[in-house]
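Chain and residue survey
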Amino acid sequence: MVRPQGFSGVQVSGNGLSDPQLPDEPYHRIVEATQEGIWQVGPDDRTVYVNPKICEMTGYKAEEIVGHRLQEFFHPDWQAESE
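Quick notes on the rules
- Residues numbered from 1 in each chain as written.
- Predicted model: local features only at pLDDT ≥ 70, side-chain atom pairs only at ≥ 80, totals over all residues.
- Heavy atoms only, no water.
- Helix = DSSP H or I, 4+ residues; strand = E, 2+ residues; numbered from the N terminus.
- Buried < 20%, exposed > 50% of the residue type's maximum accessible area, 1.4 Å probe, protein only.
- Contact = heavy atoms within 4.5 Å.
- Phe/Tyr/Trp six-rings, centres within 6.5 Å; stacked < 30°, edge-to-face > 60°.
- Salt bridge = Lys/Arg side-chain N within 4 Å of Asp/Glu carboxyl O.
- pLDDT = per-residue confidence, 0-100.

1. Concerning the overall build of the chain
- Counting secondary structure elements, the chain contains 4 helices and 2 strands.
- Listing the helices and strands of the chain from first to last along the sequence gives α-β-β-α-α-α.
- For the chain, the proportion of its 83 residues judged to be buried stands at 22%.
- The contacts in the chain between residues at least 6 apart in sequence include a share of 29% that link residues at least 24 apart.

2. Here we look at the packing of aromatic side chains
- Summed over all chains, the structure comprises 2 aromatic pairs.
- Note on tryptophan 39 and phenylalanine 73: the rings are 5.4 Å apart at their centroids and 65° apart in plane angle, and the pair reads as edge-to-face. One end of the pair, tryptophan 39, is in strand S1 (residues 39–41); the other, phenylalanine 73, is in the loop between helix H3 (62–65) and helix H4 (76–82), and 34 residues separate them in sequence.
- An aromatic cluster of at least three residues, connected via ring pairs, comprises Trp39, Tyr60 and Phe73.

3. Overview of unusual backbone geometry
- Of note in this structure, aspartate 45 is not a glycine but carries a positive phi near 65°.
- If you trace the backbone, aspartate 45 turns up in the loop between S1 and strand S2 (47–50).

4. A look at the pattern of salt bridges
- Scanning the model with the defined rule gives 2 salt bridges in all.
- With its nearest N and O atoms 3.6 Å apart, the salt bridge here joins glutamate 72 to arginine 46. With glutamate 72 in the loop between H3 and H4 and arginine 46 in the loop between S1 and S2, this residue pair connects regions lying 26 residues apart in the sequence.
- You can call glutamate 72 partly exposed: its relative accessible area is 31%.
- Arginine 46 sits in the partly exposed class, given a relative accessible area of 34%.
- Notably, a salt bridge pairs glutamate 56 with lysine 53, separated by 3.1 Å at the nearest N-O pair.

5. Some thoughts on the confidence of the model for the chain
- On average, residues of the chain carry a pLDDT of 76, and 66% of them reach 70 or more.
- Put simply, H4 is where the chain has its lowest mean pLDDT, 69, and H3 is where it has its highest, 95.
- Every residue in residues 1–22 scores below 50 in pLDDT, and together they form 23 contacts with partners more than four places removed in sequence or on other chains.

Right under this line is the structure:
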């Protein structure tokens, strides 16, 4: 389990990271290269995408995170509070 330090979150609604105003490829490159962690969760509360910075921050590979609920990666003391 990971207890994020200095963690701040932004809730994204609607279609998540997609922005009809921005071309997909350049936007995707920005998301991949940013030094900020980006963790996208679908309507079922399961992870659909994490950028490389999240992997660096948590020590998990993307394929180990995708499909899991964000709360599964919280410190056990935080899990009860988040549900």
